[in-house]
Amino acid sequence: MGMTIMEKILARASGRSRTSPGDMVVVDVDTVVLYDGNFFPAYWRDIKSVAKPDNVVVVYDHRAPAPDQYCARAHSVGRAFVEKFGIKRFHDIGYDQGIAHVIVAERAYALPGTVLVCSDSHAGSAGALNCAARGTGGPDVIYALTKGSTWYRVCETIRYDLVGRLRHGVTPKDLFLHIAGIYGNHSNYNVEFGGPALASLSIDERRTLATMGTELNAEFTIFEADGILDTYLRARTDRPYQTYNPDPNAVYADRRQLDLGAIEPLVALPDRVIDNSVKVGDVADVFIQQAFIGSCANGNLYDLQIAAEVVAGRRVAAGVRFLVTPGSQEVYRQALKAGYIETLMAAGAVVTNATCGACQGGHMGVIGPNEVCITASTRNFKGRMGDPSASVYMASPATVAASALTGRVTHPGEFISMERAG
Amino acid sequence: MITGKAWQFGDDINTDLILPAPFMYLPKEQQAKHVFEANRPGWVDLVKSGDVIVGGRNFGTGSSRPAPLALNALGIGCLIADSINPLFFRNCVSFGLAALECPGVSAAFDEGDVAEITLSAASVRNLRTGQTLTGVPIPEALLKLMQGGGIFPLLESEGLIGPGIDSAGA
Ligand code: SF4
């Protein structure tokens, strides 16, 4: 019987010849990623020993730069840890900073076939790089840090075969909302993406989907490896790696084909991600006060590019705050160079430094009572972005940018051609 | 065996409801004061140490924040739910919060009923109706970790970590 990608990687990492759904495996951890959230008193501990300091990455993202004294102290705790163990891959506020999941890809810290542990729930983002990663918890990360290992249950896999091509202005976020709306909960299943249309998606676009796997409640989300991934990685690292693709006779719990050409812009209604997607036109009468583009899922260069295209030469509607938060300072610099930042700011957007920011309601755009926000980020949960009485609609960066211009939930087709040139 | 009064919470209870973001980085005693603030304001003043949370499907969906730690600090005796989000369940193990997945449990309890839970047998009994349900067995190694208070006491006993440095919470 053949194996899926995750069954193969977990077999390699646990020193077995094969794994099957139901197995509990203890695996060696190749990369441990800590973020500022780990250094808060609720779950940080005095670390006496680190298994492999060279395997550790520390990134400040959730509350960065520190918005208050409490966070500033946690940042200091993290810096002392970095100093004590000589951690080299430290992304403090400055040139190399960004959201951990973005940095992990940008710097090729996540390599194909390896196991990455990060307590943040969207760690599965690295699955776009054929790397085994998933959200764990604060204690899990300290276990991996000190002992160099962790445990996983091997789960059955649901396979998505991608065919066709997304129309212009339709983004992987819409594809995600389609999956979340049609298939809903993927609890206790791994999700594997592949198929002929994979080649039409950049690594950043794949990362959006991999990141959002968390919102399907999937265990691991993993992508097939291909030449596009090799090119991406070779531009960033010369470390060796081995890619893992599924056997032709791998056994899946379900196998589903997705025609990218049939996807249209969608919106998730407030408070729940899954089973909650509607067409943009169904909520076109919803007025908004804030529009946000950012997060580990939607703070990529391509997200900023499509947003800039939508707002180019236009102005944000009166009474709307349009916030754009690049996923990393490197994305910020690239967007600056490409002119996207200038276009966005000319339209009235506020462009912030790279951070989680409004995605998590911590700082940089917290919403008030009864306000309505449309967001291109990861979650629309009640209270996530601010006051619990606020409503959060979730959509693609194109839809969010279009909505910022009109002050109501708006189809991007009102401002750009949805036909793909060429 | 765990015995406690049941509180009903319904389906898809996410971690932003259990532990709202503004409080997630506070010391656990302070976190505990804000549990379920958005969907059940005032509940933290009603719940007693040892009480049991009864959830519907997909309890704990969302982030990996230390929500089970907040429930521990509140004195929750056990979480039982029709299904528990796997990441949340992992955090229950890691933080040492007693938790059991038990399909059908939300329909079998009215709020205020008393639940009797045996984790090792994965069984839940409603003392009012006498009905017993069987849940999803917890692998032995994980049960040991959960009942031993989670990962921190284990690593401390091996000399790999020290106690918490709660300076930021001072
Ligand atoms: S951007 Fe949002 S979802 Fe991503 S890691 Fe930060 S808080 Fe979490």
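Above: the structure in question.
This report concerns the structure included in the present document.

Procedures and definitions
- Residues numbered from 1 in each chain as written.
- Chains lettered and ligands numbered in written order.
- Predicted model: local features only at pLDDT ≥ 70, side-chain atom pairs only at ≥ 80, totals over all residues.
- Heavy atoms only, no water.
- Helix = DSSP H or I, 4+ residues; strand = E, 2+ residues; numbered from the N terminus.
- Contact = heavy atoms within 4.5 Å.
- Buried area = accessible area lost by both parts, 1.4 Å probe.
- Salt bridge = Lys/Arg side-chain N within 4 Å of Asp/Glu carboxyl O.
- Polar contact = N/O pair within 3.5 Å; in protein donor to acceptor, adjacent residues only side chain to side chain.
- Pairing = 2+ DSSP bridges.
- Axes fitted to C-alpha atoms, helices over the stretch in contact; angles between N-to-C directions.

A few words now on the environment of Thr4 of chain A. Residues and elements named next belong to chain A. Position of Thr4 among the secondary structure elements: in the segment before helix H1 (5–14). Put simply, Thr4 and Pro265 are 261 residues apart on the chain and 31 Å apart in space, counted from C-alpha to C-alpha. Among residues more than four places away in sequence, those in contact with Thr4 are Thr157, Glu192, Pro246, Ala250, Val251 and Tyr252.

Before going further, it helps to examine the interface of chain A and chain B. Taken together, the contact between chain A and chain B spans 49 residues of the former and 45 residues of the latter. Each partner contributes to the roughly 4,000 Å² buried at the junction of chain A and chain B, and carbon and sulfur atoms together form 61% of this total. Together, Arg45, Pro139 and Trp151 of chain A form the three largest contributors to the area buried by chain A at its contact with chain B, with a combined 15%. Across the contact surface, chain A and chain B share three salt bridges. Between chain A and chain B we count 13 residue pairs in polar contact (both at pLDDT 80 or more) in total. Where the side of chain A that touches chain B is concerned, the elements lending two or more residues are strand S3 (45–47), helix H2 (69–85), strand S7 (132–135), helix H4 (138–147) and strand S8 (149–153) of chain A. Take the side of chain A that touches chain B: its biggest share by element is seven residues, from H4 of chain A.

Residue and element names in this part refer to chain B. On the basis of which strands lie adjacent, the open sheet formed by seven strands has the order S4-S3-S2-S1-S5-S6-S7 and mixed pairing. The strands lining the two open edges of the sheet, one partner per strand, are strand S4 (99–101) and strand S7 (132–134). The average angle at which neighbouring strand axes cross in this sheet is 30°, direction not considered.

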